[in-house]
Amino acid sequence: MEKANRYVFIKWDDASYSVDIKTIDDHHKVLLDLINDIYGSFMEKKHASATSEILAKLEDYARYHFAFEERIFAQIGYALRADHIKEHRAFTDQIKLFKEQMASGFDATFGISNYLRDWLRNHIHKEDRKYAPLFKQAGIV
């Protein structure tokens, strides 16, 4: 998903980010690409105008991705569903806070990039990899 001639803050590698389910990995790659877009806007000094717009895209896509996971959680009766959904809500709440900060003139772009990188990596490692075997058993590919 890398675009040519752009700054890369996070580079996809299977060991760090894959849950070995193509659909979920593809979703995560879109999120990673949007994080790289935020970082790129910072590096190109366009973040004052671009970060809020990219955050809105990230928020929309995250909601789509989270809804996808949560539908499957309900279908398979995932035991850790409630805790996982709390993680999703905390993420969307943080994105709203970042958008408010940017709208008020506080430029938090670099901190936003760091938060998003760390959150995505930790969430995949600690939460998403827990459900991966169950998704595979349910035929999610």
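Residues numbered from 1 in each chain as written. Predicted model: local features only at pLDDT ≥ 70, side-chain atom pairs only at ≥ 80, totals over all residues. Heavy atoms only, no water.

Turning our attention to the overall build of the protein. Across its full length, the protein carries 5 helices and 0 strands. The helix and strand sequence of the protein, counted from the amino end, reads α-α-α-α-α. The globule rule puts the C-alpha radius of gyration for 141 residues at 14 Å, and the 15 Å found for the protein is close to it. Viewed in the frame of its principal axes, the protein has a C-alpha envelope of about 45 × 30 × 20 Å. Looking at the 141 residues of the protein, the share that counts as buried comes to 45%. Counting only contacts in the protein whose residues sit at least 6 apart along the sequence, the fraction spanning at least 24 positions is 74%. Roughly 7500 Å² of accessible area belongs to the protein as shown, and the carbon and sulfur atoms make up 53% of that amount. In the protein, 21 side chains carry a positive charge and 22 a negative one; their mean positions are 0 Å apart. (Helix = DSSP H or I, 4+ residues; strand = E, 2+ residues; numbered from the N terminus. Rg over C-alpha atoms; globule rule 2.2 N^0.38 Å. Buried < 20%, exposed > 50% of the residue type's maximum accessible area, 1.4 Å probe, protein only. Contact = heavy atoms within 4.5 Å. Areas by Shrake-Rupley, 256 points an atom, 1.4 Å probe, with all protein chains shown as cover. Lys, Arg positive; Asp, Glu negative; His and termini not counted. Charge placed at Lys NZ, Arg CZ, Asp CG, Glu CD.)

Our focus in this paragraph is the environment of His65. Here His65 is to be found in helix α3 (residues 47-76). Separated by 55 residues in the primary sequence, His65 and Leu120 place their C-alpha atoms 13 Å from one another. Contacts of His65, omitting those with residues within four sequence positions, involve Ile24, His27, His28 and Leu31.

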